[in-house]
Amino acid sequence: MIFDLKTAFENPVNLRFKLSPDWWKADEYDNSVLGLDTDMDVSIHIKRAGERYILEGSLLGRLILRCDRCIEPFRFDLKTEFRWFLVPYPKQIQEEIELGKDDMSVVFISEDEIELDDIIRAEIYLAVPMKILCKEDCAGLCPHCGRNLNKEKCICKKSSGHPAFMKLKDLLNNQ
Ligand SMILES: [Zn+2]
Ligand SMILES: [Zn+2]
């Protein structure tokens, strides 16, 4: 969704809309976010501040994430607020550093238009924890047989010894 900043030149603009689950497009570099579970409420406020614009927004919805440990999908409640500084490009480096001290995200814009989808996607990734776990004590997958240890037990866990030996043991057990 393209937003023309000129429309916020005189007066601040408030946008409220919903994004449906089919809005999400998979990312080939990051597959931790599988998609939206439900419609996501988006609220965005854009106001001019001299040459720049300040964009404030919030997201409320539910994501489907993939657990880092057991690789199963699970639902994750998303609630985040953000603030971006849109600065006309080019600007002096010095100013960039100064702005960087603030906890606002600084974005350099070369045109009057911004792609809101990009900002929303970036905020979704920022709101997702570094370590994505379906539950705090997720037991993960057995490194030997690959079973999901949240759902079933396996004999490998009790065994100890060299993995090659355990593979042999598995073979013997299966007979
Ligand atoms: Zn898990
Ligand atoms: Zn196992």
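Residues numbered from 1 in each chain as written. Chains lettered and ligands numbered in written order. Predicted model: local features only at pLDDT ≥ 70, side-chain atom pairs only at ≥ 80, totals over all residues. Heavy atoms only, no water.

A. Geometry of the nonpolar core. Counting residues in hydrophobic clusters, the biggest one holds 36 residues, and the most contacted among them are F3, M40, I46, L55, I114, I120 and I124. Put simply, the parts of the chain that give this core at least two residues each are β2 (13–19), β3 (33–36), β4 (40–49), β5 (52–66), β6 (73–88) and α2 (116–127). Beyond its immediate chain neighbours, meaning those up to four positions away, I114 contacts M1, I2, F3, L5, I46, L55, L86, I109 and I119. (Core = buried A, V, L, I, M, F, W, Y, C linked by side-chain atoms within 4.5 Å. Buried < 20%, exposed > 50% of the residue type's maximum accessible area, 1.4 Å probe, protein only. Helix = DSSP H or I, 4+ residues; strand = E, 2+ residues; numbered from the N terminus. Contact = heavy atoms within 4.5 Å.)

B. Structural view of the coordination of the zinc ion (ligand 1). Taken together, the protein donors to the zinc ion (ligand 1) comprise C67 (SG), C70 (SG), C134 (SG) and C138 (SG), at separations of 2.3 Å. Bound by 4 donor atoms, the zinc ion (ligand 1) shows angles of 105 to 113 degrees at the metal and therefore tetrahedral coordination geometry. One chain supplies every donor to the zinc ion (ligand 1), and in sequence these donors are spaced C-x2-C-x63-C-x3-C. Highlighted residues: C70 in the loop between β5 and β6 and C138 in the loop between α2 and α3 (163–174), separated in sequence by 68 residues. Under the relative-accessibility criterion, C70 is labelled buried at 1%. (Donors = N, O, S within 2.8 Å, 3.2 Å for Na, K, Ca; no water. Tetrahedral: all angles 85-135°; square planar, octahedral: opposite > 155°, others 65-115°.)

C. Representation of α2. With 12 residues, α2 should cover 16 Å at 1.5 Å per step; its first-to-last C-alpha distance of 16 Å lies within 8% of that length. Every buried residue of α2 is listed here: L116, D117, I119, I120, R121, E123 and I124. The backbone nitrogen of D117 lies 3.0 Å from a side-chain oxygen of the residue at the head of α2, namely E115. (Expected span 1.5 Å × (residues − 1). Polar contact = N/O pair within 3.5 Å; in protein donor to acceptor, adjacent residues only side chain to side chain.)

D. Quick look at the pairing of β6. Note that β5 and β6 share 14 bridges and pair antiparallel. What sits directly across from S58, in β6, is E81. Here β5 folds back onto β6 in antiparallel fashion, the turn holding 6 residues, of which I71 has a positive phi close to 55 degrees. Direction of pairing for β6 relative to strand β7 (residues 105–109): parallel, over a ladder of 5 bridges. Paired with V87 across the two strands is F108, which belongs to β7. (Pairing = 2+ DSSP bridges.)

E. Geometry of the coordination of the zinc ion (ligand 2). Within the protein, the zinc ion (ligand 2) binds to C142 (SG), C145 (SG), C154 (SG) and C156 (SG); these donor distances fall in the range 2.3 to 2.4 Å. Here the zinc ion (ligand 2) is ringed by 4 donor atoms whose angles at the metal span 105 to 112 degrees, and the overall shape comes out tetrahedral. One chain supplies every donor to the zinc ion (ligand 2), and in sequence these donors are spaced C-x2-C-x8-C-x1-C. With respect to class, C154 is no different from C156; both count as buried.

F. Summary view of the confidence of the model for the protein. In the predicted model, the protein carries a mean pLDDT of 85, and the fraction of residues at 70 or more is 80%. Of all the helices and strands in the protein, helix α1 (residues 93–100) carries the lowest mean pLDDT, 54, while β2 carries the highest, 97. (pLDDT = per-residue confidence, 0-100.)

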